[in-house]
Amino acid sequence: MKNIFFDSIAMRRSIYTLGSTLPVSKDEVTRTVQEAVRLTPSAFNSQSARAVILYGDESKKLWKIVLESLLKIVPVQQASDTKANIASFAAGAGTVLVFEDMSIIEGLQKAYPLYKDNFPLWSSHSTGMVQFAIWTALATSKVGSSLQHYSNLIEDEVKKTWDLPSSWSLIVQMPFGSIESPAEEKSFQPIEERVLVKG
Ligand SMILES: Cc1cc2nc3c(=O)[nH]c(=O)nc-3n(C[C@H](O)[C@H](O)[C@H](O)COP(=O)(O)O)c2cc1C
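Residues numbered from 1 in each chain as written. Predicted model: local features only at pLDDT ≥ 70, side-chain atom pairs only at ≥ 80, totals over all residues. Heavy atoms only, no water.

Caption draft 1: Seen up close, the pattern of salt bridges. The full count for this structure, using the stated rule, is 7 salt bridges. When the shortest N-O distance is used, the salt bridge between Glu58 and Lys61 registers 3.4 Å. On the criterion of helical spacing, the pair formed by Glu58 and Lys61 is a turn pair, its members being 3 residues apart in helix H3 (residues 57–71). Here Lys64 and Glu68 are joined by a salt bridge, their closest N and O atoms 3.4 Å apart. Separated by 4 residues within a single helix, Lys64 and Glu68 lie in helix H3, roughly one turn from each other. For Lys64, a relative accessible area of 53% translates into the label exposed. (Salt bridge = Lys/Arg side-chain N within 4 Å of Asp/Glu carboxyl O. Helix = DSSP H or I, 4+ residues; strand = E, 2+ residues; numbered from the N terminus. Buried < 20%, exposed > 50% of the residue type's maximum accessible area, 1.4 Å probe, protein only.)

Right, here's the structure in full:
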């Protein structure tokens, strides 16, 4: 089946060997992230997603914060693996930080008490969509990326370092850059077991 949407989705993989030379301009990367954030749907069109794009030394600063936080908690024998892992993210051209603005979620909870418990859940659905859109859109420009979760360790330091609003909740870190090695082969479960057809 020919469908350019699926061609794009298939290009998105977790790329762990990143380089710092982007195949497109920095402006194009910025516009790609902007469009992904702008066009992704959100519950009640709340548009609660926020993103910060860190390029070059700013991105390296982020991974230094992550490494310093990790080295305080990982066993000593894991320190060198941890350093190598974080160095691979720092080797990229930049990092996209994805947030949800919780003041918007709280505003919706007040405005629509009937759905109070649903808004945080929908916020979490919505940020997943944003992440997927950014990841896929970058991939279509041949910019490799992956999804990383160090938010609980670094959120306060990140907000302090880049002077971000306290209501922004840090969700993921997406290191990006040139694709220096392709992703590994990926296996798929039989689709008939996952998608049932009735009628
Ligand atoms: C919700 C979610 C959370 C993930 N968290 C991480 C993560 O913390 N670190 C990581 O390296 N990859 C993470 N991944 C990437 C998955 O491991 C990866 O997408 C999966 O193995 C399929 O490989 P692919 O991305 O190359 O298609 C995450 C993916 C999803 C969808």
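Caption draft 2: Geometry of the environment of Ser167. With respect to the element layout, Ser167 can be found in the loop between helix H7 (151–161) and strand E5 (168–179). Placed 147 residues apart in sequence, Ser167 and Ser20 show a C-alpha to C-alpha distance of 31 Å. Ser167 has contacts with Glu100, Asp101, Met102 and Ser103, leaving out every residue within four places of it along the chain. In this structure the side chain of Ser167 is engaged in a polar contact, spanning 2.9 Å, whose partner is the side chain of Asp101. (Contact = heavy atoms within 4.5 Å. Polar contact = N/O pair within 3.5 Å; in protein donor to acceptor, adjacent residues only side chain to side chain.)

Caption draft 3: Here's a closer look at the environment of Leu97. Relative to the helices and strands, Leu97 is located in strand E3 (residues 94–101). Since its relative accessible area comes to 0%, Leu97 is described here as buried. A C-alpha to C-alpha distance of 9.7 Å links Leu97 and Leu62, two positions 35 residues apart in sequence. The residues touching Leu97, leaving out its near neighbours within four places in the chain, are Arg50, Ala51, Val52, Leu54, Leu62, Val158, Leu170, Val172 and Gln173.

Caption draft 4: Just the packing of aromatic side chains, in detail. Applying the stated criterion across every chain, the model contains 13 aromatic pairs. A centroid spacing of 6.2 Å and a plane angle of 25° characterise the contact between Phe44 and Trp122, whose relative ring orientation is stacked. Taken together, the residues span a long stretch of sequence, with Phe44 in the loop between helix H2 (26–39) and strand E2 (49–55) and Trp122 in helix H6 (residues 118–140) at a distance of 78 residues. A relative accessible area of 24% means that Trp122 is categorised as partly exposed. (Phe/Tyr/Trp six-rings, centres within 6.5 Å; stacked < 30°, edge-to-face > 60°.)

Caption draft 5: Broad picture of the nonpolar core. Counting residues in each nonpolar core, the largest one holds 20 residues, and the members touching the most others are Leu62 and Val158. A total of 5 residues in this core trace back to one element, the largest contributor, which is H3. Not counting residues within four places of it along the chain, the set of residues in contact with Val158 comprises Leu62, Leu97, Phe99, Leu164 and Leu170. The next biggest cluster of nonpolar side chains, apart from the first, holds 17 residues, and it includes Val24, Val130, Ile134 and Trp135. (Core = buried A, V, L, I, M, F, W, Y, C linked by side-chain atoms within 4.5 Å.)

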